[in-house]
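# Fold and contact review
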Amino acid sequence: MQHKQSSGSFGSFVLGFLLGTGLGAVVALLKAPQSGDETRRQLQRAADEFRREADSVVATTKSHLQEAKEQLGQHAAAIKAESEAAIEETKKVLAEGARDVEQEAKEGARKVRQKAKSEA
């Protein structure tokens, strides 16, 4: 549960960071006293930087997702192995119990036969 909360917080942080960066760059460029050509160049640089940051966030997110996928696979394999071991142990216990019941039934039948013979 803790992992989900930190992932959500990370996503919110990244979104806020990217929006804040973009908005700050646009406001700074619009307030700066310079020519239109210089403003366009600065806007292009800001857009390029924004794109690089977005690409970095995407790469980081992909990396986190891959790690989570690998961990999930490991957990699933461990759960499967534990479940299979528990099933095998249950089968052994049930087989032993069935043998015990069968043995007791045979012993009870033998006693009944002996008693019937002795009464006859």
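Predicted, not measured: the structure shown is a model, and the values here were computed from it. (Residues numbered from 1 in each chain as written. Predicted model: local features only at pLDDT ≥ 70, side-chain atom pairs only at ≥ 80, totals over all residues. Heavy atoms only, no water.)

Secondary structure summary: the chain contains 2 helices and 0 strands in total. Dimensions of the chain along its principal axes, counting C-alpha atoms only, are 125 × 20 × 15 Å. Relative to its 120 residues, the chain shows a buried fraction of 4%. In the form shown here, the chain has an accessible surface area of approximately 10,000 Å², with 61% of it arising from carbon and sulfur atoms. A distance of 4 Å separates the average location of the 19 positive side-chain charges in the chain from that of its 18 negative side-chain charges. (Helix = DSSP H or I, 4+ residues; strand = E, 2+ residues; numbered from the N terminus. Buried < 20%, exposed > 50% of the residue type's maximum accessible area, 1.4 Å probe, protein only. Areas by Shrake-Rupley, 256 points an atom, 1.4 Å probe, with all protein chains shown as cover. Lys, Arg positive; Asp, Glu negative; His and termini not counted. Charge placed at Lys NZ, Arg CZ, Asp CG, Glu CD.)

Tracing the backbone shows Glu-53 in helix H2 (residues 36–119). Put simply, Glu-53 is tucked away with no salt bridge, and the nearest opposite charge, on Arg-52, sits 7.5 Å away. Residues within four places of Glu-53 in sequence aside, it is in contact with Phe-17, Leu-18 and Thr-21. (Salt bridge = Lys/Arg side-chain N within 4 Å of Asp/Glu carboxyl O. Contact = heavy atoms within 4.5 Å.)

Glancing now at a nonpolar patch on the surface. There is a patch of nonpolar side chains on the surface, built from Val-26, Leu-30 and Leu-43 and spanning about 270 Å² of accessible area. The residue Leu-30 is located in helix H1 (residues 2–31) in this model. Residue Leu-30 is classed as exposed on the basis of its relative accessible area, which comes to 66%. (Patch = residues over 30% accessible without salt bridge, like charges linked within 9 Å, V, L, I, M, F, W, Y side chains within 5 Å.)

The subject of this paragraph is the packing of aromatic side chains. Evaluated as defined, the whole model comprises 1 aromatic pair. Between the aromatic rings of Phe-13 and Phe-17, the centroid separation amounts to 6.1 Å while the plane-to-plane angle is 25°, which identifies the pairing as stacked. Taken as a pair, Phe-13 and Phe-17 lie in helix H1 at a separation of 4 residues, close to a single helical turn. Looking at Phe-13, the relative accessible area reads 55%, which means it is exposed. (Phe/Tyr/Trp six-rings, centres within 6.5 Å; stacked < 30°, edge-to-face > 60°.)

Moving on, we get to a negative patch on the surface. There is a patch of like negative charges on the surface, built from Glu-89, Glu-96, Asp-100 and Glu-104. You can see Asp-100 is positioned in helix H2. Residue class for Asp-100 comes out partly exposed when judged on its relative accessible area of 48%.

On to the environment of Arg-40. Inspection of the secondary structure puts Arg-40 in helix H2. Only 2.4 Å separates the side chain of Arg-40 from the side chain of Asp-37, close enough to count as a polar contact. (Polar contact = N/O pair within 3.5 Å; in protein donor to acceptor, adjacent residues only side chain to side chain.)

Now for the pattern of salt bridges. Under the counting rule described, the total for this entry stands at 8 salt bridges. In this structure, Lys-91 and Glu-88 form a salt bridge, with 3.6 Å as the shortest nitrogen-oxygen distance. One end of the pair, Lys-91, and the other, Glu-88, are both in helix H2, 3 residues apart, so they sit about a helical turn from each other. For Glu-88, a relative accessible area of 43% puts it in the partly exposed group. The salt bridge involving Arg-110 is made with Glu-107; its shortest N-O contact spans 2.2 Å.

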